[in-house]
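So you can see what is in the structure, the chains are spelled out below.
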Amino acid sequence: MTRPYNFSAGPAAMPEAVLQQAAAEMLDWHGSGMGVMEMSHRGKEFMSIAAQAEADLRELLAVPENFRILFMQGGGLAENAIVPMNLSRGGVVDFVVTGSWSQKSAKEAGKYATARVVASNEADHHTTLPAPAGWELSGKAQYVHLCSNETIHGVEFHELPDLKALGCDAPLVIDFSSHVASRPVDWSRVGLAFGGAQKNLGPAGLTLVVVREDLLGHALPVCPSAFDYRVVADNASMYNTPPTYSIYMAGLTFQWLQRQTEGGLTGITAMEAKNTAKAALLYDFIDGSSFYVNKVAKECRSRMNVPFFLCDESRNAAFLTGAQAAGLLQLKGHKSVGGMRASLYNAMPLEGVKALVSYMREFERTQA
Ligand code: PMP
């Protein structure tokens, strides 16, 4: 069966090979007589699945020894509260606002800390990124937060800022929900990274937190124990029942990522090369057309989420109906910005982007 190409921003398409493996193991995982959903999280079978997933992720993203990998719940939005509860010590925290997600993060942190917006691209309608040299950092902030890929506005930090070079010793917190595992991470510039799994890693329900060891142990008294990073880390992410099936699916996805090759590259760098090529194909087509437009500055365009507009918006409904009929699903833009959005996460093959571009070309021709 050929499946349609699914451009959802999340929950999003999964690699077909992963879905097939999960289907084959659904009733009986490795001769255990149980499906993964039916296993105790404290049994040896699931403990081995979780340990393998963690080890594979550590290898894949080259996570250093002094960082802990936590499998949590609550999604990115819960982390907007959990991070300040754990890291702010009730003091000042700095936010770089570049779109809806970092805006939400800053607002939520204000419940637990003094949240300051130190840079913003709002005046440019979130189509640029403020250069780090111009950030008005507090100096005494407990951490600096940014969203390294704004899923709705389609802006991505292709390089993380070096806060030390800006004279700032505070740890950098990144929300990497919508580009996790799409490219390597420079951990020397990061104190904590968090992201929901439902775009690039697996089903919804799992939230990944990668946190530097020295940042543990400072939770505010109000922080629920299940969200205290120290407690979660000390209990190997099993203080409460973890989202077992989502961890299993993410584990299969990590193995799929490890198997990726491109030119002479393997694993995450191969995936990054594929993602770069996919995004370039779509952006080049849009830029060469007078029928479609993407408003984001070229140097900060997201490789994962490509928002675009038809110059004549009265044709939006026809575009989406035709796309659906052509096997190109979930292209409608986020309601706050309108237009279209094509999410090109890891599981989207180059063929899917080629199919989209050829549909867009054909749609334009028939409308002329
Ligand atoms: N941050 C980013 C960058 C996101 O894209 C999303 C979800 N689209 C969230 C946070 C919120 O995640 P959740 O719905 O899992 O809480």
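Please refer to the structure higher up on the page.
Because the structure is a prediction, the values reported are computed rather than measured.

## A few points about the environment of Gln103
Relative to the assigned elements, Gln103 resides in helix α4 (residues 100–109). In this structure, the C-alpha to C-alpha distance between Gln103 and Leu146, residues 43 residues apart in sequence, is 9.5 Å.

## Structural notes on the state of the cysteines
Taken as a whole and assessed by the stated rule, the structure comprises zero disulfides. The cysteine Cys168 is free of any disulfide, with Cys147 supplying the nearest cysteine sulfur at 19 Å.

## As for the side chain of Ser105
Inspection of the secondary structure assignment puts Ser105 in helix α4. By relative accessible area, which is 1% here, Ser105 ends up buried. Within the local environment of Ser105, its side chain forms a polar contact with the backbone oxygen of Trp101, the two atoms lying 2.9 Å apart. Only 3.3 Å separates the side chain of Ser105 from the side chain of His145, close enough to count as a polar contact. If we skip the residues at most four places from it in the chain, Ser105 touches Asn80, Phe95 and His145.

## Brief notes about helix α8 (residues 316–325)
Within the sequence span of α8, burial applies to Asn316, Phe319 and Ala323. In an axial view of α8, the angular spread of the buried residues amounts to 60 degrees, which keeps them on one side of the axis. Away from its buried face, by an angle of more than 90 degrees, α8 presents the exposed residues Ala317, Thr321, Gln324 and Ala325. Elements that come into contact with the buried residues of α8 comprise β13 (292–293), β14 (305–310), β15 (328–329), β16 (340–343) and α9 (350–367). A positive backbone phi angle near 80 degrees is found at Gly327, which sits one or two residues after α8.

## A word on the sheet that holds β13
Reading across the sheet, the three strands line up as β13-β14-β16 and stay open at both edges, with antiparallel pairing between neighbours. The open sheet has two edge strands with one neighbour each: β13 and β16. The pairing of β14 with β16 spans four bridges and is antiparallel. Directly across from Phe308, in β16, lies its bridge partner Met340.

Conventions and cut-offs
Residues numbered from 1 in each chain as written. Predicted model: local features only at pLDDT ≥ 70, side-chain atom pairs only at ≥ 80, totals over all residues. Heavy atoms only, no water. Helix = DSSP H or I, 4+ residues; strand = E, 2+ residues; numbered from the N terminus. Disulfide = S-S within 2.5 Å. Buried < 20%, exposed > 50% of the residue type's maximum accessible area, 1.4 Å probe, protein only. Polar contact = N/O pair within 3.5 Å; in protein donor to acceptor, adjacent residues only side chain to side chain. Contact = heavy atoms within 4.5 Å. Arc of directions from axis to C-beta. Pairing = 2+ DSSP bridges.

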